[in-house]
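Notes for the structure review
As a plain string of letters, each chain reads:
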Amino acid sequence: RVRRVSEEYTLAQANRLASRFDLPIPLEAFDFPEKGNINQHTYLIIAGRAGNRGEYLLQRINQQVFTQPRSVMSAMLACIQAQKDCLARGALREGEEWETVTLIPTREGKPYLEVTDRRGYSCWRLMVKIQNACTYKSLGEIADPQQRLRVAEEAGSGLAMYASFTSGMDISGLASPLPGYRDTRVYYNQLLSVLAGNRKLEEAEPYLPADPVVRRSTEWHFIIHLPPEEYRRRIEDRELEPFIALVRREEGFALTLLREMELGKIRRVAIHGDTKLDNFLFSKRTGRVKAIVDLDTIMPHTWLVDWGDMVRSLVNVAGEKEPDLGKVQVDMNIYQAVAKGFLRSARDIPPQETDRMVDAVEIIALELGVRFLSDYLRGDSYFKLGPADPPDLNKTRAMVQLTLFQRLREKKNAATRCVEAIRNV
């Protein structure tokens, strides 16, 4: 059952915008409850006459997050075309399913709609809603243990197919939609600047990025935004002492993937950038993975960060906000399932990259822990707190990710054996 948007003006606006795309009439806009956290202006559009109706998603790009929407759309279009070209060449193997996101052009034939009105500039896109598909917020919502493993395996398979179908994309003109995102060196330097007590950009100068675009986008997070007494309380927190020592000790390891990319040991490709489980669509008929959506964070990097981010989130049985760190454990059955799915569907990956799969999971858990820790110590300037959130939420998140890193490190030998066994099948 479709729920209508309660605010008439918003509904009327969505109808008017949808009518500027190449859609059959009549058309009507409805609220879309499954919208994500970023692009909040998302509507379900039903167009066409009875018996021949289609469903579409109208979405405004959030320019507070993505300040260069044309670059976002350019990367998205290139990503879609790369997937379509691969499918046209017969890239699917027996039993595999895959659908690409399909964009509906405007009535003038443009791939997206740019609007300038009294609210300023906005960028809208219209996508065909992929049918007969389901998604999951987390593995925890799946009651049956065997079904959880099947979904984890399919997610791994989906990531491998996406990586293969987009590996040939030209990244020479591809810029990060979020400058500094996934740059472990930037995150470490933010932490070091905050630990040094810097409150002004002039003080933080030795830690700031050399790239002017990255600097403009990230410099606010290199300085402290707390009153002195609160900053002192947080930085002298005994609970955080071992975690601060941990991240300092592991800095060299954390930079492994960046260093190997810079040395040319591993490839730089067009990654997805946000491989959380609910960005994968699964067939309601077969249960197989059939698509990956949310193509806003496509950027040049190693696919290993997509892999590491997906695995570290799926294997963490406690979730990201668990205050009891004793509950933070690694589910090795899930780890094995994701690895099995990924390596089953992977194509033409150099062995020096698969050699880093285990390290990548640890690195992304460590990197995210550094990000949460920095944010808590400087005053929650990036991962902003909601009115119902506890004031130490980012402290908890940091300790969870850094504890997860430690648990992953303890399981390194088992994880390595797991990946090697699957590779050698």
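To keep things clear, this report deals only with the structure shown in the data block.

A few words on the pairing of strand β3 (residues 54–60). Burial analysis of β3 places 5 of its 7 residues in the buried class, the great majority of the element. The antiparallel hairpin formed by strand β2 (residues 42–47) and β3 contains 6 residues in its connecting segment, where Gly48 sits at a positive phi of about 105°. Note that β3 and strand β5 (residues 120–128) share 5 bridges and pair antiparallel. From the neighbouring strand, Leu57 faces β5, where its bridge partner is Met127.

The next subject is the pairing of strand β9 (residues 289–292). Two elements, strand β8 (residues 280–283) and β9, share 3 bridges in a ladder whose sense is antiparallel. Paired with Leu281 across the bridge in β9 is Ala291.

This part takes up the layout of surface pockets. Counted as a void, the second largest pocket has a volume near 540 Å³. Forming the boundary of the second largest pocket are 26 residues, of which Ser176, Pro179, Gly180, Val214 and Met299 lie nearest the centre. Mapped onto the lining of the second largest pocket, the elements with two or more residues apiece are α4 (184–195), α6 (212–218), α10 (256–262) and β10 (299–301). The element that contributes the greatest number of residues to the lining of the second largest pocket is α6, accounting for 4 residues. Taken together, the residues of the lining of the second largest pocket sort by class into 12 nonpolar, 7 polar and 7 charged.

Counting 117 residues, the largest nonpolar core has Ile298, Trp307, Tyr335, Phe342 and Leu377 as its most contacted members. Among the elements that line this core, the one with the most residues is helix α14 (residues 357–378), at 14 residues. Judged by nonpolar contacts, the second largest core, of 18 residues, contains Ala29, Leu113, Val115 and Trp124.

All right, on to the sheet that holds β5 then. Overall, antiparallel pairing links the 5 strands, which are arranged β1-β2-β3-β5-β4 in an open sheet. Each edge of the open sheet carries a strand with a single partner, namely β1 (27–31) and β4 (113–117). On average, adjacent strands in this sheet sit at an angle of 30° to one another, irrespective of strand direction.

This part is about the state of the cysteines. Note on terminology: a disulfide is the covalent bond linking the sulfur atoms of two cysteines. Scanning all chains against the criterion turns up 0 disulfides. Unpaired in terms of disulfides, Cys86 finds its nearest cysteine sulfur in Cys79, a separation of 11 Å.

Our focus in this paragraph is the sheet that holds β8. The 3 strands are arranged β6-β8-β9 in an open sheet whose pairing can be described as antiparallel. Both edges of this open sheet fall to β6 (133–134) and β9, since each of them pairs with a single strand only. Set on the sheet, helix α3 (residues 145–166) makes contact with β8 and β9; between it and β8 the angle comes to about 115°.

A cis amide bond links Ile25 to the next residue, Pro26, at an omega of 0°. On the secondary structure map, Pro26 appears in the loop between α1 (8–18) and β1. Despite not being glycine, Arg182 has its phi angle at roughly 70°, a positive value.

About the cut-offs
Residues numbered from 1 in each chain as written. Predicted model: local features only at pLDDT ≥ 70, side-chain atom pairs only at ≥ 80, totals over all residues. Heavy atoms only, no water. Buried < 20%, exposed > 50% of the residue type's maximum accessible area, 1.4 Å probe, protein only. Helix = DSSP H or I, 4+ residues; strand = E, 2+ residues; numbered from the N terminus. Pairing = 2+ DSSP bridges. 1 Å grid on protein atoms, 1.4 Å probe; cavity = no way out; pocket = protein on both sides within 12 Å on 5 of 7 lines; lining within 4 Å. Points joined across faces, edges and corners; volume = space filled by probe spheres on them. Nonpolar A, V, L, I, M, F, W, Y, C, P; charged D, E, K, R; others polar. Core = buried A, V, L, I, M, F, W, Y, C linked by side-chain atoms within 4.5 Å. Axes fitted to C-alpha atoms, helices over the stretch in contact; angles between N-to-C directions. Disulfide = S-S within 2.5 Å. Contact = heavy atoms within 4.5 Å.

Limitation: the analysis is restricted to geometry and does not speak to function.
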